[in-house]
Amino acid sequence: MAAAAAGARINCFLNPINPLNSKTTARFTTHLHFRLSRKTPPTFCTRASATPDETSANDPFVLTTPLYYVNAPPHMGSAYTTIAADAIARFQRLLGKRVIFITGTDEHGEKIAAAAAANNSSPAQHCDLISQSYITLWKNLDIGYDKFIRTTDPKHEAIVKEFYSRVLDNGDIYRADYQGLYCINCEEYKDEKELLENNCCPMHLKPCVARKEDNFFFALSKYQKPLEETLAKNPNFVQPSYRLNEVQSWIKSGLRDFSISRALVDWGIPVPNDSKQTIYVWFDALLGYISALSEDMEQPSLERAVSSGWPASLHLIGKDILRFHAVYWPAMLMSAGLGLPKMVFGHGFLTKDGMKMGKSLGNTIEPNDLVQKFGSDAVRYFFVREVEFGSDGDYSEDRFINIVNAHLANSIGNLLNRTLGLLKKNCQSTLVIDSSIAAEGTTFKDTVEKLVEKARVDYENLSLSSACEAVLEISNAGNSYMDGRAPWSLFKQGGAASEAAAKDLVIILEAMRVIAIALSPVTPSLSWRIYQQLGYSKDQFDATTWVPLKRLLHECIFVMPELSSSLFDKLTCSFTSQSDTRWGGLKGGQVMAQPQPIFARIESQTEEENRVEAPKKVKKNKLPESQQVVEA
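Throughout, residues of each chain are indexed from 1 in the direction in which the sequence is written. Reporting of local features is limited, given that this is a predicted model, to residues whose pLDDT is at least 70; pairs of side-chain atoms are given and counted only at 80 or more, and all residues count toward the totals for whole chains, interfaces and linings. Side-chain metrics in this entry use all non-hydrogen atoms of the structure; hydrogen atoms and water are not considered.

Engineer: Residues and numbers for the overall build of the protein, please.
Structural biologist: Secondary structure elements are defined from DSSP: runs of H or I of at least 4 residues count as helices, runs of E of at least 2 residues count as strands, and each element is numbered from the N terminus. A count of helices and strands for the protein gives 25 helices and 16 strands. Categorising residues by exposure relies on relative accessible area from a 1.4 Å probe, with only protein chains included: less than 20% of the type maximum marks a residue as buried, more than 50% marks it as exposed, and the intermediate range marks it as partly exposed. Looking at the protein as a whole, 53% of its 632 residues are labelled buried.

Right, dumping it as structure tokens:
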């Protein structure tokens, strides 16, 4: 009875980890074979046992990109945000979280109508075309979003109107005349003190125009103190920390009410209490994060949408729209009586060859061209690995090619290819022993486990570049281990030396298996190709997990004090073995696939020209045996 009760309590704690993946849950429960003879009455897990800042395992991880403005096709800045968001979403899924990854397009406003007119199309036709271009690009970049919301969707309009009415009923919307300087590109009025010479917008470097309108206003100033208190109590609300300082400075300088309707803009959602005006594009678009949760509802409502996953765990945005997400949006939510997102993360800008990008300079980066030329894995890896998340980052084609070749083709790809080549030649592509046994007495296993744990912590802290670096270090350590052990020489010696060499290959391939999982948030296609070469199916790859169950068990011990320390250790060992990043996945007798390059080396333009224009016959020198295996 006691054992059954304890088992039930473990299940109570663990089953919510991945409610959408019955395979994972089943694997947890089948390893609960133990006896318990203590007489302490059972203590069941309750929500009250969680710490105040802890997220329930039942709560989804809701992640959003901005809703991208459809005045023009997607650019590399939009792609960068979405690549980073996808990497975070994939990592959270590996942890067993129920992820809701939201992206979409913002399709109302003056700029949209102007862009459509310039192309001799209606606003609706223009929005359909540009929105589809985002969907196509996300597919080409392997973006695995869950919800794609368009602000022209009738369901979104219904949510916006309901939200507006709730804020109106709360007394936070009033009517007044407004006169000021308006930036058409920002779609907002500007304070003169923030403008450059000739009243130019500091972002778009174009003069703002003087306007006077009869508008509806949101009482932002009313929420000055609540916002200050929110940021003081929760400094992680805005990240990185230097972005928090910017937001606090804005609020400290004094908040002014802002116009949330436009009398001169027809392309938008009509104001519920004045059909002659349309709702301000930002007041409209921000609500897409909530309306996206109603995507599957025939009759959406604000309450039902909120109950489907709000508040968001993370808003991922560019730093240029930080004010809207960290000041306007939380104040709007407070007015409507809704919860605030847990974090707003503002990343930096991209430059090219050290210069700010712009169409006038002719130096923009077209994401579709990059993907077609180099592939999605290369594009995803470079921007995640080389741009410290939160800071500005620079792109140059030479550095792109050098980094991708060195890391993906040489360090990772070549290590797998030459190891599988040796295994095919000497072991008929079959593992001779379990990887857990093969690694006994080696320090290499410890190195891999420390690095994979570092990568996990980096992913959780949104230090995506550092996570990639930790995974690359596993590959570098594997290459050093291979070169130090020289299994090609050991195989020639035969006997015990040959057996040791066969074990070395198992050890290297186990490290490659771990690399495939640990890098999969960033390079999902490349990681699948690695896993496939190790003899696994696509279903097995898709079911991989990275669940730090040992940490959960340590938390669980506080609510199950009757567990003995020895039993706890046995359970910890059993549960942690179910994380696929733990050493020991490869088993003796497994047959590997035939070695195939997983990532082709990219040739620079100079290399291609030299190869085409000046072909020369070079006498081949015999390579050392360590390099004779075909490189990736």
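Engineer: Residues and numbers for the state of the cysteines, please.
Structural biologist: Cysteine sulfur atoms that come within 2.5 Å of each other are treated as a disulfide pair. In the structure shown here, the tally under the stated rule is zero disulfides. The thiol sulfur of cysteine 200 is not disulfide-bonded, and the nearest other cysteine sulfur, from cysteine 208, lies at 7.5 Å.

Engineer: Outline the nonpolar core, listing residues and values.
Structural biologist: Within soluble globular proteins, side chains that are nonpolar tend to cluster in buried spots. To define a nonpolar core, start from buried Ala, Val, Leu, Ile, Met, Phe, Trp, Tyr and Cys residues and group those joined through side-chain atoms within 4.5 Å. Counting 171 residues, the largest nonpolar core has Phe163, Ile290, Phe383 and Phe400 as the members making the most contacts within it. Per-element tally for this core: the top contributor is helix α20 (residues 495-519), with 16 residues. Two residues qualify as a contact provided that any one of their heavy atoms is within 4.5 Å of a heavy atom in the partner residue. Every residue in contact with phenylalanine 383, bar those within four places of it in the chain, is listed here: Met76, Tyr80, Leu350, Leu370 and Tyr395. One finds Leu181, Cys183, Cys186 and Leu195 within the second-largest nonpolar core, a separate group that totals six residues.

Engineer: Explain the pairing of strand β12 (residues 314-318) to me, and be specific about the residues and the numbers.
Structural biologist: Judged by how many residues are buried, β12 sits mostly within the fold: five of five residues are covered. The two faces of β12 match: Leu314, Leu316 and Gly318 on one face and His315 and Ile317 on the other face are all buried. Where β12 meets strand β13 (residues 344-347), four bridges bridge the pair, whose relative direction is parallel. Bridge pairing in β13 places isoleucine 317 opposite glycine 346. For the crossover that starts at β12, traverses helix α12 (residues 322-336) and ends in the parallel β13, the hand is right-handed. Two strands are counted as paired when DSSP detects at least two bridges linking them. If the strands point away from the viewer and the path from the first strand over the helix to the second runs clockwise, then the crossover is right-handed.

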